[in-house]
Amino acid sequence: MTYRPKSDFMNILIQRGFLADCTDIEGFDNALMSEVISGYIGFDATAKSLHIGSLTQIMMLRWLQKTGHKPITLMGGGTTRIGDPSFRADVRPILTSSEITANIVGIKSVFEKYLHYGEGSTDALMLDNSEWLERLNYLDFLNQFGRHFSVNRMLSFDSVKSRLDREQSLSFLEFNYMILQAYDFLELHRRYGCRVQFGGSDQWGNIVNGIDLTRRIQQKSLFGLTSPLLTTSDGKKMGKSAAGAIWLNESMLIPYEFWQYWRNVSDDDVSRFLKLFTELPIEECDRLGALKDSEKNTAKIILANAVTTLCHGEKAAKAAETTARAIFERGGIGDAMPIIVFSEDDLPLSIVQLIVKAGLAKSGKEAKRLISENGLRIDDMPLHNAHLTIKAEMLTSPLKLSAGKKRHARIEIKK
């Protein structure tokens, strides 16, 4: 990026690696210098939590607010009922209204950690597009807005074209999604003066549609800005680990496991993730990213602590680090380790069943394979007996169960 920005917000986006593309970077930069800009990102409520694949966009909104502007978090209470088809190979499952409502409650709790909501000029707004989408009259909507959308153009967007090129079905229901997202942008501008929509680079076509619709209907110029779709250095999409999604809600993933994800990232990702997911100065991110060999572990701990503090608080980050040190340095159990509690009625259990219930293996077959390959330990001692039975009297004190060097669980009996 050769453009030299004037505003604090654009400086941060460019320096820290948030910027993929912008519809009018100079115009947007000038607007940031002359007024308080309201910008939004939409999040469909497809699960009870967002995962770290959404953290880039969340941090963009956080920086927008920290540089004196107004973030809007738009919950897709309406659009979730359709499902965004962008770059997907199949149709999203249709959720019930009660499921969507429950998911929105969980997602809202994530944003409250990163943004300040209120009535002030730069306080964040939490909105739900069901407020206007559920009131639409279909015939009136088609008559007023349908004429502004070219099917030819919509088919040319990569998000749709890639699906059709693979000869995978795209339902008319899904095809409506980009029209409704464009309408969201129009409504947010009408109601709240919103000037910019942010999103991942896969949302480019949807964002451009909203800008074009508002220009046609309101004769107003809006902006669109996208961030790169984030992958790890080995090319994998951010958001999941071998054990599953890295959720942002504590109810979906405990802080210790969240902390461990960041502690164990690839050496090549440290500098980039420090810039994107923490607020450490750029110079410090570069310094930590340049550390070599064993010193790189120090940088990873700083990364894990900083990201976990933003998401779960300083206390949770410190507890996770303390637990990690207890596990890896002293062979202890640690208070933040995943805890599996059994009643006496649940026991006895075979060690294979216990491993599966503790989430250290997906099946009995996998558990037996781990044991045969010397990958399981009880209280840091190698486990060789796949026929071992765990009885209540063996749990008078907590039992530490380990799979490999990085996955652990504490087994307790209900007292």
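A quick note: this is a predicted structure, and the numbers were derived from the prediction, not measured. (Residues numbered from 1 in each chain as written. Predicted model: local features only at pLDDT ≥ 70, side-chain atom pairs only at ≥ 80, totals over all residues. Heavy atoms only, no water.)

1. Brief notes about the overall build of the chain
Secondary structure summary: the chain contains 18 helices and 15 strands in total. Over its C-alpha trace the chain gives a radius of gyration of 24 Å, about what one expects of a compact globule, namely 22 Å for 415 residues. Counting every position in the chain, which comprises 415 residues, the buried fraction comes to 51%. Roughly 19900 Å² of accessible area belongs to the chain as shown, and the carbon and sulfur atoms make up 50% of that amount. (Helix = DSSP H or I, 4+ residues; strand = E, 2+ residues; numbered from the N terminus. Rg over C-alpha atoms; globule rule 2.2 N^0.38 Å. Buried < 20%, exposed > 50% of the residue type's maximum accessible area, 1.4 Å probe, protein only. Areas by Shrake-Rupley, 256 points an atom, 1.4 Å probe, with all protein chains shown as cover.)

2. Some remarks on the sheet that holds strand 4 (residues 125-128)
In spatial order, the strands read 1-6-5-2-3-4; together these six strands make up an open sheet with mixed pairing. A strand with exactly one partner marks an edge of an open sheet, and here the two such strands are strand 1 (21-22) and strand 4. Note that strand 2 (residues 38-43) and strand 5 (residues 196-200) share two bridges and pair parallel. Bridge pairing links G39 to V196 in strand 5. Along the sheet, helix 2 (residues 25-34) makes contact with strand 1, strand 5 and strand 6 (223-227), crossing strand 6 at roughly 105°. (Pairing = 2+ DSSP bridges. Contact = heavy atoms within 4.5 Å. Axes fitted to C-alpha atoms, helices over the stretch in contact; angles between N-to-C directions.)

3. Observations regarding the nonpolar core
With 72 residues, the main nonpolar core has F28, L55, F198, W262 and F277 as its most contacted residues. Once you skip the residues sitting within four places of it in the chain, L55 turns out to touch Y114, L248, W262, F277 and V307. Core analysis: the second largest hydrophobic core is formed by 30 residues, I72, L125, L127 and M154 among them. (Core = buried A, V, L, I, M, F, W, Y, C linked by side-chain atoms within 4.5 Å.)

4. Digging into the sheet that holds strand 9 (residues 339-342)
Spatially, five strands are ordered 9-15-14-11-12 in an open sheet, and the strand pairing comes out mixed. Edge strands, defined here as strands with exactly one partner in the open sheet, are strand 9 and strand 12 (381-382). By the bridge criterion, two bridges tie strand 11 (residues 376-378) to strand 12 in an arrangement that is antiparallel. Looking at the pairing, I378 lines up with M381 of strand 12.

5. A short note on the confidence of the model for the chain
Averaged over every residue, the pLDDT of the chain is 88; residues scoring 70 or more account for 93%. When mean pLDDT is taken per element in the chain, strand 3 (residues 70-75) scores highest with 98 and strand 7 (residues 240-241) scores lowest with 60. (pLDDT = per-residue confidence, 0-100.)

6. Some points on helix 18 (residues 364-372)
For helix 18, the set of buried residues is A367, L370 and I371. Seen along its axis, helix 18 keeps its buried residues to an arc of 100°; they face one direction. Opposite its buried face, helix 18 presents the exposed residues K365 and S372, each directed more than 90 degrees away. Of the surrounding secondary structure, the elements contacted by the buried residues of helix 18 are helix 17 (351-357) and strand 11. Backbone geometry just downstream of helix 18 places N374 in the positive-phi region, at approximately 60°. (Arc of directions from axis to C-beta.)

7. Digging into the pattern of salt bridges
A complete count under the given rule lists 19 salt bridges for this structure. A salt bridge links E321 to R325; the nearest nitrogen and oxygen atoms lie 2.7 Å apart. Note that E321 and R325 are positioned in helix 16 (residues 314-329) at a spacing of four residues, about one turn of the helix. According to the relative accessible area criterion, R325 is partly exposed, its value standing at 33%. For R410, the salt bridge identified is with E412, shortest N-O distance 2.9 Å. (Salt bridge = Lys/Arg side-chain N within 4 Å of Asp/Glu carboxyl O.)

8. Structural notes on the packing of helix 1 (residues 8-16) against helix 3 (residues 55-66)
Interaxial distance between helix 1 and helix 3 falls to 9 Å at its minimum, and their mutual angle equals 145°. You can see that helix 1 and helix 3 cross each other, and the crossing is right-handed. Contacts between helix 1 and helix 3 involve F9, I12, L13 and R16 from the former and M60, W63 and L64 from the latter. Taken together, the residues of the contact of helix 1 with helix 3 sort by class into six nonpolar, no polar and one charged. (Left-handed = near helix turned anticlockwise from the far one by under 90°. Nonpolar A, V, L, I, M, F, W, Y, C, P; charged D, E, K, R; others polar.)

9. Some details on the environment of S54
Checked against the element boundaries, S54 lands in the loop between strand 2 and helix 3. For the pair S54 and M238, spaced 184 residues apart in sequence, the C-alpha separation works out to 8.9 Å.

10. Here's the deal with the state of the cysteines
Each disulfide consists of one covalent bond between the sulfur atoms belonging to two cysteines. Under the definition given, this model contains zero disulfides. Lacking any disulfide linkage, C194 is separated from the closest cysteine sulfur, that of C22, by 13 Å. Since its relative accessible area comes to 0%, C194 is described here as buried. (Disulfide = S-S within 2.5 Å.)

11. Quick look at the packing of helix 13 (residues 270-277) against helix 14 (residues 282-289)
Two numbers describe how helix 13 lies on helix 14: the axes approach to 8 Å, and their chain directions differ by 155°. In terms of axis orientation, helix 13 runs roughly antiparallel to helix 14. Both helix 13 and helix 14 take part in a crossing whose hand is right-handed. Of helix 14, the residues touching helix 13 (which contributes V270, S271, L274 and K275) are I282, C285, D286, L288 and G289. In terms of residue class, the contact of helix 13 with helix 14 is made up of five nonpolar, two polar and two charged. (Parallel < 35°, antiparallel > 145°, perpendicular 65-115°, else oblique.)

12. Observations regarding the pairing of strand 4
Burial along strand 4 is one-sided: L125 and L127 are buried, and none of M126 and D128, which face the opposite way, are. Note: strand 3 against strand 4, four bridges, orientation parallel. Along strand 4, the bridge assignment pairs L74 with L127.

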